[in-house]
Amino acid sequence: MTQAPTPTADTVRRLARSLLAGSEAAGAGPDVRPVTEGGEHTTWWVGTRYVLRLAQDRETAVRRRRELRLRDLVRPLVGVAVPTSVAHGDWAGGLAYTLDTRLPGRSGEAQDVSAVGEADLAGLLTGLREVPVRQAEALGVPRAAPRSLEELSTAAERAAERLAAADEFDPGRLAQLTRPAAGQLAAQTAAAVLVHHGLKGEHLVVSADGRVRGVLDWTDAVLGDPAEDIAGLAVAVGAPAAVRAATLADYGARPCLRGLWLSRCDTVIRLAERLRGRGEDPLPLLRTQLGRAWEPILLERVTDLPGDG
């Protein structure tokens, strides 16, 4: 497979200048600087108004082109801003780029979400559920089978023992997720919904008053288990806020608890893997995300749950 070229600041500046030709932002060449958060795409700030994202492989390019159409589909429904592309195309052979407007606000990793912001997240979850599945499928959004919480909890138990040896985590905290409890929290047979599948803090744009003003990066969206987005929010804004937002969006106890335990198992596994030298996420971030997912909520125990949505 041919190695994709590595974009430099000069490469990005020339592309941005050509895309913004005739605008006030072009000038002798707009100021460009790499975005440090994330790592799946090569992403650059262009001046103060734009974000340029460049795919580095063909698979990502396909998802980038699909994202352009998907954002137009979800925009009227989700109640928060979605980036708008002002230009798109290929920056190298078969490798897509998109120049997007920059949404005002700060990363959810740097700005806390307020109670009103939780209502914004509830509107987002509600809107995702209302996206017509057939239209999303027509755009090429794939279906994803629900994950087995039993298998995930087994992996988390092993990871928790490694964290205990490093004095990072008390493995006894996983004891509440028994095998029967994990079975009770199996995904229900209801129809799949559109799942953002990447609702981490860096993809939330939050204003100074804690309102969620936008959601970034729709490239990983799938049709599947809505508990995955509840899990993402637990990692991004904390378990109590995620459950409150999901409850406001009319999700019942079962999907809320399923999302909670997906996030708890995931964060234990990711931190253990990073301590073994696998992955690139900073350890302080992974420890913070673990703490958020394990924040206590009122509805902790899995008992006889009704067949709620």
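Everything that follows concerns the structure shown earlier in this document.
Residues numbered from 1 in each chain as written. Predicted model: local features only at pLDDT ≥ 70, side-chain atom pairs only at ≥ 80, totals over all residues. Heavy atoms only, no water.

Quick look at helix 5 (residues 149–165)
A rise of 1.5 Å per residue sets the reference length of helix 5, with its 17 residues, at 24 Å; its end C-alpha atoms lie 24 Å apart and thus fit the reference within 8%. Where helix 5 is concerned, the buried positions are Leu-149, Leu-152, Ser-153, Ala-156, Ala-159, Ala-160 and Leu-163. Viewed end-on, helix 5 has its buried residues packed into an arc of 125 degrees, placing them on one side of the element. In helix 5, the exposed positions angled more than 90 degrees off the buried face are occupied by Glu-151, Arg-158 and Ala-165. Buried positions along helix 5 lie against helix 6 (179–184) and helix 9 (253–275). Phi for Asp-167, located one or two positions after helix 5, is positive at around 60 degrees. (Helix = DSSP H or I, 4+ residues; strand = E, 2+ residues; numbered from the N terminus. Expected span 1.5 Å × (residues − 1). Buried < 20%, exposed > 50% of the residue type's maximum accessible area, 1.4 Å probe, protein only. Arc of directions from axis to C-beta. Contact = heavy atoms within 4.5 Å.)

Considerations on the nonpolar core
Residues Leu-70, Leu-124, Leu-194 and Trp-218 are the most contacted members of the largest nonpolar core, which totals 68 residues. Among the elements that line this core, the one with the most residues is helix 9, at 10 residues. The residues touching Leu-124, leaving out its near neighbours within four places in the chain, are Val-78, Val-80, Leu-199, Val-215 and Trp-218. Grouped together as the second largest cluster of nonpolar side chains are 16 residues, Leu-20, Leu-52, Leu-54 and Tyr-97 included. (Core = buried A, V, L, I, M, F, W, Y, C linked by side-chain atoms within 4.5 Å.)

Some points on the pairing of strand 2 (residues 42–46)
Burial analysis of strand 2 places five of its five residues in the buried class, the great majority of the element. By the alternation rule, side chains of strand 2 split into Thr-42, Trp-44 and Val-46 and Thr-43 and Trp-45, which are all buried. In this structure, strand 1 (residues 32–34) lies alongside strand 2, joined through three bridges in antiparallel fashion. Bridge pairing in strand 2 links Val-32 to Val-46. (Pairing = 2+ DSSP bridges.)

What about the pairing of strand 4 (residues 85–92)?
Where strand 4 meets strand 5 (residues 95–101), six bridges bridge the pair, whose relative direction is antiparallel. Opposite Ser-85, over in strand 5, you have Asp-100 as the bridge partner. Remark: two residues form the turn of the hairpin made by strand 4 and strand 5, two consecutive strands paired antiparallel; Gly-94 in that turn has positive phi of roughly 75 degrees.

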